[in-house]
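Analysis of the macromolecular model
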Amino acid sequence: MQLIDGNKISAEIKLEIAKEVEEFKANGGKTPHLAAILVGNDGASETYVSNKVKDCEQVGFLSTLVRYEDTITEKELLDKIVEINNDGDIDGLIVQLPLPKHISEQKVIETIHFKKDVDGFHPVNMGRLVLSLPSFIPATPFGITELIKRYHIETEGRNCVILGRSNIVGTPMNLLMSRKAYPGNCTVTVCHSKTKNIREICRNADIIIAAMGSVEFVTADMVKEGAVVIDVGITRIKSDKTKSGWKLTGDVKFDEVAPRCSFITPVPGGVGPMTRAALLKNTLMAAGKEIYL
Ligand code: GUN
């Protein structure tokens, strides 16, 4: 069993990006600039956004954080997005989700200009992904494909089971693993809350990507000997074994599943850091106009 080290790979990617930024600037290019909008005071969102800002600093990007109370109107938020769309210095824009109920997330996503949509959530980017055209790929699936590549995991002709069908992870992951490219060329099965025989379907999988946010759902009896298991779950649960009284737990019962696997990602330290690195990659591509002129 080989542990997939997301911390190590993401550190490598960050170094590569920092080097590219230096070269970019040395050749007269501008400093890549990411803007993030955070609405309200949700604890997890605060952590995610502050990590994104720290990551930008670490690789030499500029970042702008715009914060609003959760009383902001939808119109005020949409106006700010349009202002950032028109700001020539800003290359990428993310609006941290979830948003308060009175604001339409879909309207927000569709207002971000697709050329600055480094989250890859805009219908233009999603549509281009369906067509295998160059696009911004959502950060978590993008990060997972980097892990698969950098560990040289074979995918062609393999059965890949994806647990979860979210717009952010399950759906783009399905498109990536089935497309005619590496990593891809898999036979993909997407399981969700209405799937009847998840256990049997998983037992036939060469690759399992667990992204349904259900603590320790994947158990040893669901995993074929030699399978690759990628755990996207990240839920904070109470623990009497840590100083803080909390621990992060994935969708996979790691201790019993790991011995059966050829490769497995831990939680934390697997997919999480790769999501952060992938957003930086998308921002660098936005600044370099590598996807859209
Ligand atoms: N909330 C949870 N994940 C994400 C993400 O990847 N991007 C944004 N904007 N919000 C999120």
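The following refers to the structure shown. Remember, it's a predicted structure, so these values are computed and weren't measured experimentally.

**As for the pairing of strand β5 (residues 159–163)**
Taken residue by residue, a regular strand's side chains alternate between the two faces of the sheet. The buried count for β5 comes to four of five residues, which makes it a mostly enclosed element. Inspection of the sheet shows β5 paired to strand β6 (residues 187–191) by five bridges, in the parallel sense. Residue pairing for β6: asparagine 159 is matched across the bridge by threonine 187.

**With respect to the site of the ligand**
In the vicinity of the ligand, the residues found are Lys52, Val95, Gln96, Leu97, Asp119 and Phe121. At 2.9 Å from a nitrogen atom of the ligand is found a main-chain nitrogen or oxygen belonging to leucine 97. Within the contact set of the ligand, a nitrogen atom lies 2.7 Å away from a side-chain nitrogen or oxygen of aspartate 119. Alone, the ligand offers 280 Å² of accessible surface; in the complex the protein occludes 81% of this. Along the lines of polarity and charge, the residues of the shell around the ligand split into three nonpolar, one polar and two charged.

**Side note on the packing of helix α6 (residues 139–150) against helix α10 (residues 271–287)**
For the pair α6 and α10, interaxial distance at closest approach is 7 Å and the crossing angle is 105°. Accordingly, the angle class assigned to the pair α6 and α10 is roughly perpendicular. Residues Ala139, Thr140, Phe142, Gly143, Ile144, Glu146, Leu147 and Arg150 of α6 pack against Val271, Met274, Thr275, Ala278, Leu279, Lys281, Asn282 and Met285 of α10. Across the contact of α6 with α10, the residue classes tally to nine nonpolar, four polar and three charged.

**Concerning helix α7 (residues 170–178)**
Residues of α7 that are buried: Gly170, Pro172, Met173, Leu176 and Met177. Each buried residue of α7 lies within a common arc of 160° when the element is viewed along its axis, so the set occupies one face.

**With respect to the pattern of salt bridges**
If charged atoms from side chains of opposite charge come close, those side chains can pair. If you walk through the whole model with that rule in mind, you get 15 salt bridges. For the salt bridge of lysine 75 with aspartate 79, the shortest nitrogen-to-oxygen distance reads 2.7 Å. Pair noted here: lysine 75 and aspartate 79 are both in helix α3 (residues 74–85), with a separation of four residues, about one helical turn. In this structure, glutamate 200 and arginine 203 form a salt bridge, with 3.6 Å as the shortest nitrogen-oxygen distance.

**With respect to the side chain of threonine 145**
With respect to the helices and strands, threonine 145 occurs in helix α6. Since its relative accessible area comes to 7%, threonine 145 is described here as buried. Not counting residues up to four positions away in its chain, the partners in contact with threonine 145 are Met173, Leu176 and Pro183.

**Brief notes about the sheet that holds strand β4 (residues 92–95)**
With parallel pairing, three strands are arranged side by side in an open sheet as β3-β2-β4. A strand with exactly one partner marks an edge of an open sheet, and here the two such strands are β3 (62–68) and β4. On average, adjacent strands in this sheet sit at an angle of 15° to one another, irrespective of strand direction. Where strand β2 (residues 33–39) meets β3, seven bridges bridge the pair, whose relative direction is parallel. Pairing of histidine 33 across the sheet is with leucine 62, part of β3. Relative to the sheet, helix α2 (residues 43–59) contacts β2, β3 and β4, its axis offset from that of β3 by approximately 160°.

**Focus on the packing of α2 against α10**
Relative placement of two packed helices is described by the angle separating their axes and the distance separating the axes. The geometry of α2 relative to α10 is characterised by a closest axis approach of 10 Å and an angle of 60° between their N-to-C directions. Considered as vectors, α2 and α10 are oriented oblique to each other. Regarding α2 and α10, the two cross each other, and that crossing is right-handed. Seen from α2, the contacting residues are Asn51, Lys52, Asp55, Cys56 and Val59; seen from α10, they are Arg276, Leu279 and Leu280. Looking at the contact of α2 with α10 residue by residue, the classes come out as four nonpolar, one polar and three charged.

**Looking at a nonpolar patch on the surface**
The grouping of Tyr48, Ile234 and Leu248 at the surface amounts to a nonpolar patch, some 260 Å² of accessible area in total. By the secondary structure assignment, tyrosine 48 is in helix α2.

What counts as what
Residues numbered from 1 in each chain as written. Predicted model: local features only at pLDDT ≥ 70, side-chain atom pairs only at ≥ 80, totals over all residues. Heavy atoms only, no water. Buried < 20%, exposed > 50% of the residue type's maximum accessible area, 1.4 Å probe, protein only. Helix = DSSP H or I, 4+ residues; strand = E, 2+ residues; numbered from the N terminus. Pairing = 2+ DSSP bridges. Near = heavy atom within 4 Å. Polar contact = N/O pair within 3.5 Å; in protein donor to acceptor, adjacent residues only side chain to side chain. Areas by Shrake-Rupley, 256 points an atom, 1.4 Å probe, with all protein chains shown as cover. Nonpolar A, V, L, I, M, F, W, Y, C, P; charged D, E, K, R; others polar. Axes fitted to C-alpha atoms, helices over the stretch in contact; angles between N-to-C directions. Parallel < 35°, antiparallel > 145°, perpendicular 65-115°, else oblique. Contact = heavy atoms within 4.5 Å. Arc of directions from axis to C-beta. Salt bridge = Lys/Arg side-chain N within 4 Å of Asp/Glu carboxyl O. Left-handed = near helix turned anticlockwise from the far one by under 90°. Patch = residues over 30% accessible without salt bridge, like charges linked within 9 Å, V, L, I, M, F, W, Y side chains within 5 Å.

Just distances and angles here, no functional claims.
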